[in-house]
Amino acid sequence: HRWVGYGVVGLVVIRVIWGLIGTRHARFSDFPPSARAAMGQVRDELAGRVQRHLGHTPLGALMIYNLLATMLALGLSGWGMTVRDAAEGAHEALVIWAQFCVVLHIAAVIWESRKTGVNLVGAMITGRKHLRK
């Protein structure tokens, strides 16, 4: 369990580095967190408007920052449990939050892929997104 935690924190560190020096749409500068843009996406969803994004959607960007922070906090709280028993409650709460967010993220990727006709899973793997006209 401990080594999985170290691995997860290592992957977060790699993703943060990639977010600083990686390809255009992988960089954090390409998808800054924006509550206004996220609310615009929610309004588009509710109105049935289809928006295709070459990079991350505004809601997707917020989820990425959330997942990175949650995984890092999970790793830190797990490490904290080796020092203090008090970290166990926080660690357990973070596990539940992470599970909820992962399920929500997967559901959103499936929803968005079907709605836009864009293979988002393929884009996550290859780094290339092909938008239909």
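Here, every reference points to the structure presented above.
Residues numbered from 1 in each chain as written. Predicted model: local features only at pLDDT ≥ 70, side-chain atom pairs only at ≥ 80, totals over all residues. Heavy atoms only, no water.

Caption draft 1: Fine view of the layout of surface pockets. Roughly 1,400 Å³ of volume is contained in the largest pocket. Considering the residues around the largest pocket, the lining is formed by 42 residues, among which H56, G60, I64, H105 and M124 are closest to the centre. When residues of the lining of the largest pocket are traced back to their parent elements, those giving at least two are α1 (2-21), α2 (35-47), α3 (58-81), α4 (87-116) and α5 (120-126). The leading source of residues in the lining of the largest pocket is α4, at nine residues. Residue classes in the lining of the largest pocket are distributed as 22 nonpolar, 13 polar and seven charged. Quantified by volume, the second largest pocket comes out at close to 400 Å³. As for the second largest pocket, its lining consists of 17 residues, and the residues nearest its centre are H1, G5, L74, G78 and H91. Counting only elements with at least two residues in the lining of the second largest pocket, the list comes to α1, α3 and α4. In terms of residues, the lining of the second largest pocket owes the most to one element, α3, which gives seven residues. Within the lining of the second largest pocket, the residues separate by chemical class into 10 nonpolar, six polar and one charged. (1 Å grid on protein atoms, 1.4 Å probe; cavity = no way out; pocket = protein on both sides within 12 Å on 5 of 7 lines; lining within 4 Å. Points joined across faces, edges and corners; volume = space filled by probe spheres on them. Helix = DSSP H or I, 4+ residues; strand = E, 2+ residues; numbered from the N terminus. Nonpolar A, V, L, I, M, F, W, Y, C, P; charged D, E, K, R; others polar.)

Caption draft 2: Seen up close, the pattern of salt bridges. Overall, the coordinates contain three salt bridges when judged by the stated rule. K115 serves as the salt-bridge partner of E45, at 2.2 Å between the closest nitrogen and oxygen. Taken together, the positions of E45 in helix α2 and K115 in helix α4 put the pair 70 residues apart, joining distant regions of the chain. Classification of E45 as partly exposed rests on a relative accessible area of 25%. (Salt bridge = Lys/Arg side-chain N within 4 Å of Asp/Glu carboxyl O. Buried < 20%, exposed > 50% of the residue type's maximum accessible area, 1.4 Å probe, protein only.)

Caption draft 3: Just empty space enclosed by the protein, in detail. In total, this model carries one cavity of 30 Å³ or more according to the counting rule given. Of the volumes computed, that of the largest cavity is approximately 40 Å³. Of all the secondary-structure elements, those providing two or more residues to the lining of the largest cavity are α2 and α4. Sorting elements by how many residues they give to the lining of the largest cavity places α2 first, with three residues. The residue makeup of the lining of the largest cavity, split by class, is no nonpolar, three polar and five charged.

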